[in-house]
Amino acid sequence: MSTFSVKAFGAESKTADLKQMNIERRETTAKDVEIEILYCGVCHSDLHTARNDWGGSIYPAVPGHEIVGRVTKVGSEVTKFKAGDLAAVGCLVDSCRTCNSCKQDLEQYCLNGFTGTYNGKDKHSGGHTFGGYSEKVVVDEHFVLKVPANLNLAAVAPLLCAGITTWSPLKHWNVGPNSKVAVVGLGGLGHMAIKLAKGLGAEVTLFSRTPGKTDDAKGLGADAVVISTDDAQMKSVKGKFDVIIDTVPYVHDVNPYVTTLNISGTLVLVGYLGGLEPILNTVPMIMGRKSVAGSVIGGIAETQELLDFCGEKGIVSEIEMIKMQDINQAYERMLKSDVRYRFVIDMASLKN
Ligand code: NAP
Ligand code: ZN
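Sequence positions are assigned chain by chain, starting from 1 and proceeding in written order. Written order determines the labels here, with chains lettered from A and ligands numbered from 1. Selection of residues for local features in this predicted model requires a pLDDT of at least 70, selection of side-chain atom pairs for listing and counting requires 80 or more, and totals for whole chains, interfaces and linings are taken over all residues. To obtain the side-chain values, all non-hydrogen atoms of the structure were included, while hydrogens and water were left out.

Q: Give me the lowdown on the state of the cysteines, citing residues and values where you can.
A: Working definition of a disulfide: a covalent bond connecting the sulfur atoms of two cysteines. Any pair of cysteine sulfurs within 2.5 Å is marked as a disulfide. By the definition in use, this model includes zero disulfides. The cysteine C310 is free of any disulfide, with C161 supplying the nearest cysteine sulfur at 14 Å.

What follows is the structure in structure tokens.
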């Protein structure tokens, strides 16, 4: 496989700061699109991977799966893109394309395992994949998305993960104008969940630990804010919600939120991966036909559907632009929930 070298930012170990390095990208094959990355969003999963929070990180780890940029080259069999087009890449760059899930456009549930944009097994190189904290990326056109031309490009980047991760469960659980939706945690995923649920016509409530975010949440479209540490406020929404999207990244007590579900309601965990503590009480679930479910990102067709919806409705992320060199400070601020509401890296800074 012939390759070329690009500048990137990555971590050499779970305790190391991210720093500049060079990585190899493959030369475009027949079905590949080569993209110059203009902006890349900063997801909490990037931090989890750089610091090996989930185990299984491979180093050097180059995170980044909220990628927007411009096509610089296409392979001979590419039909959807040409040089000069805007293009986007999310969390997936490959899957088997033949299993039952892939055939249903559910590549994120590929039965043979999807290839993540970073830290995935790269079928071309035999090594692992490197993400969007880099100058360029080369991806099979099936996994490349079209970007609506009317939106602020930098603010589109977070739609590729924070957007699709909340859109997919909102759609799966049929959220629409008569739904009452709650969102737990106002960060990258949470603020997109509010905007998208509002865009679908739902009544939306935010659960937050942080009183200082109330005005912002309302500005984003939330109809109400409940401070989750205030028992009286929690009781006031007992039995209310049809769907709750829980974006909290670390282990937390889910039981108080289950009691706020309506009969037959569903709480969808998208943030925390792992065993729940304290243990989940089945009584309110059984006595109210309630579900606690999970969901991971979204398929390629569904991601395109989301981008098109955002183009029509004028929905983008609220962003704070940073330089690539500021990534380590950005991670520290993310850990303190001090992001309003997504960092996006201006990749031009990597050229300096
Ligand atoms: P983020 O921007 O850091 O936002 C998380 C929010 O959760 C914070 O703003 C905070 O909101 C709340 N929070 C943080 N720590 C908490 C704690 N210990 N207890 C209670 N609430 C807490 O993170 P993000 O980028 O939105 O990602 C959220 C999680 O989703 C991460 O774990 C990420 O890896 C995961 N993720 C999953 C998928 C998927 O496909 N399922 C995709 C992308 C990301 P308040 O200040 O309002 O309380
Ligand atoms: Zn992500």
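There's plenty left to go through after this.
Q: How would you sum up the packing of aromatic side chains? Please name residues and give values.
A: Working definition: a ring pair exists when centres of Phe, Tyr or Trp rings (six-membered ring for Trp) sit within 6.5 Å. Plane angles under 30 degrees give stacked, over 60 give edge-to-face, the rest tilted. Inspection of every chain in the model, using the stated rule, returns three aromatic pairs. Between F207 and F241, the aromatic rings sit 5.7 Å apart at their centres with planes inclined by 80°, giving edge-to-face as the arrangement. Within this pair, whereas F207 is found in strand β10 (residues 203-208), its partner F241 is found in strand β12 (residues 241-246), the two being separated by 34 residues in sequence. Here F207 matches F241 in class, with each residue buried. Ring geometry for F207 against Y257: centres 5.0 Å apart, planes inclined by 65°, an arrangement best described as edge-to-face. Note that F207 is positioned in strand β10 and Y257 in helix α8 (residues 255-258), a separation of 50 residues in sequence. In this pair, the class of F207 matches that of Y257, namely buried. In DSSP terms, a helix is any run of H or I states spanning at least four residues, a strand is any run of E spanning at least two, and both are numbered starting from the N terminus. Categorising residues by exposure relies on relative accessible area from a 1.4 Å probe, with only protein chains included: less than 20% of the type maximum marks a residue as buried, more than 50% marks it as exposed, and the intermediate range marks it as partly exposed.

Q: Outline the nonpolar core, supporting the account with residue identities and numerical values.
A: For the purposes of this section, nonpolar cores are sets of buried Ala, Val, Leu, Ile, Met, Phe, Trp, Tyr and Cys residues that join through side-chain atoms within 4.5 Å. Ranked by internal contacts, the top residues of the largest apolar core, which has 95 residues, are V42, Y133, V156, L196, I327 and Y331. A per-element tally of this core places helix α5 (residues 188-199) first, with six residues. Where each domain begins and ends follows an automated or database-derived domain assignment. For this core, the domains that each give at least three residues are domain 1 (3-161 + 318-351) and domain 2 (162-294). Between two residues, a contact is recorded if the distance between any of their heavy atoms is within 4.5 Å. Once residues lying within four places of it in the same chain are set aside, the contact partners of I327 are F9, L18, V42, Y133, I322 and I345. One finds V184, V254, Y257 and L267 within the second-largest nonpolar core, a separate group that totals 15 residues.

Q: I'd love a proper account of the pairing of β12, names of residues and values included.
A: β12 sits mainly inside the fold: five of its six residues count as buried. Alignment of β12 against strand β13 (residues 261-269), held across five bridges, turns out to be parallel. Residue D246 lies in a different strand from β13, and its bridge partner there is L269. In short, DSSP must find at least two bridges between two strands for them to pair.

Q: Quick rundown of the coordination of the zinc ion (ligand 2)? Include the residues and the values.
A: Here the coordinating atoms are restricted to nitrogen, oxygen and sulfur within 2.8 Å of the metal centre, or 3.2 Å for Na, K and Ca, and because water is not among them the sites may look incomplete. Of the protein atoms, only C43 (SG), H65 (NE2) and C161 (SG) coordinate the zinc ion (ligand 2), at distances of 2.0 to 2.2 Å. Counting gaps between the donor residues of the zinc ion (ligand 2) yields the pattern C-x21-H-x95-C. With a gap of 96 residues between them, H65 in the loop between α1 (44-50) and β4 (67-74) and C161 in the loop between α3 (153-156) and α4 (162-172) connect regions that are remote in the sequence. The residues H65 and C161 share a single accessibility class, namely buried.

Q: Explain the site of ligand 1 to me, and be specific about the residues and the numbers.
A: The local shell around ligand 1 holds 27 residues, among which H44, S208, T210, K213 and R342 are the closest. Polar contacts, as counted here, are pairs of nitrogen or oxygen atoms within 3.5 Å of one another; within protein the pair requires one atom able to donate a hydrogen and one able to accept it, and residues that are adjacent in sequence qualify only if both atoms are side-chain atoms. A distance of 2.6 Å is found between an oxygen atom of ligand 1 and a side-chain nitrogen or oxygen belonging to H44. The side chain of H48 places a nitrogen or oxygen atom 2.9 Å from an oxygen atom of ligand 1. What sets the accessible areas is the Shrake-Rupley method with a 1.4 Å probe; for residues, cover comes only from the shown protein chains. Burial of ligand 1 by the surrounding chains reaches 90%, relative to a free accessible area of 920 Å². Every element with two or more residues in the shell around ligand 1 is listed here: α1 and α5. Residues are grouped as follows: nonpolar covers Ala, Val, Leu, Ile, Met, Phe, Trp, Tyr, Cys and Pro; charged covers Asp, Glu, Lys and Arg; every other residue, Gly included, is treated as polar. Class assignment for the residues of the shell around ligand 1 results in eleven nonpolar, 13 polar and three charged. Two domains each donate at least three residues to the shell around ligand 1, and these are domain 1 (3-161 + 318-351) and domain 2 (162-294). In these notes, residues near a molecule or strand are those with any non-hydrogen atom within 4 Å of it.

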